[in-house]
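# Inside the fold
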Amino acid sequence: MNSVINELRNGEIDSKSANAIGYLANIILKTIEMEDVVSKVEYLEKKVGSLTGDI
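The following refers to the structure shown. (Residues numbered from 1 in each chain as written. Predicted model: local features only at pLDDT ≥ 70, side-chain atom pairs only at ≥ 80, totals over all residues. Heavy atoms only, no water.)

### Describing the overall build of the chain
When its secondary structure is counted, the chain shows two helices and zero strands. Relative to the globule expectation of 10 Å for 55 residues, the C-alpha radius of gyration of the chain, 20 Å, shows a markedly less compact shape. Referenced to the eigenvectors of the C-alpha coordinate spread, the extents of the chain come out at roughly 60 × 15 × 10 Å. Out of the 55 residues in the chain, the part that is buried amounts to 7%. In the form shown here, the chain has an accessible surface area of approximately 4,900 Å², with 58% of it arising from carbon and sulfur atoms. Once the 6 positive and 9 negative side-chain charges of the chain are each reduced to a mean point, those two points are 3 Å apart. (Helix = DSSP H or I, 4+ residues; strand = E, 2+ residues; numbered from the N terminus. Rg over C-alpha atoms; globule rule 2.2 N^0.38 Å. Buried < 20%, exposed > 50% of the residue type's maximum accessible area, 1.4 Å probe, protein only. Areas by Shrake-Rupley, 256 points an atom, 1.4 Å probe, with all protein chains shown as cover. Lys, Arg positive; Asp, Glu negative; His and termini not counted. Charge placed at Lys NZ, Arg CZ, Asp CG, Glu CD.)

### Here's the deal with the pattern of salt bridges
For the structure on display, the rule yields one salt bridge. Taking the shortest distance from any N to any O, the salt bridge between Asp 36 and Lys 40 comes out at 3.2 Å. With Asp 36 and Lys 40 both in helix 2 (residues 15–52) and four residues apart, this pair spans about one turn of that helix. According to the relative accessible area criterion, Asp 36 is partly exposed, its value standing at 39%. (Salt bridge = Lys/Arg side-chain N within 4 Å of Asp/Glu carboxyl O.)

### Structural notes on a nonpolar patch on the surface
A cluster of nonpolar side chains, contributed by Met 34, Val 37, Val 38 and Val 41, occupies part of the molecular surface with about 330 Å² of accessible area. Along the polypeptide, Val 38 turns up in helix 2. (Patch = residues over 30% accessible without salt bridge, like charges linked within 9 Å, V, L, I, M, F, W, Y side chains within 5 Å.)

### Thoughts on the environment of Asp 54
Tracing the sequence through the fold places Asp 54 in the segment after helix 2. The class of Asp 54 is exposed, set by a relative accessible area of 64%. Here the alpha-carbon distance between Asp 54 and Arg 9, two residues 45 residues apart in the chain, equals 57 Å.

Given below as structure tokens:
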């Protein structure tokens, strides 16, 4: 993102393209965060299942 910001400031990229790149980067970040949360929930479900004998 730093390079996109610098390119925008230097006039090497137009604001519409920079906005699109930022939007897509935000989607990728949210996907990574969601994958992390899902992984943690699955881990906790397995732990709780093993404690209660639900596996």
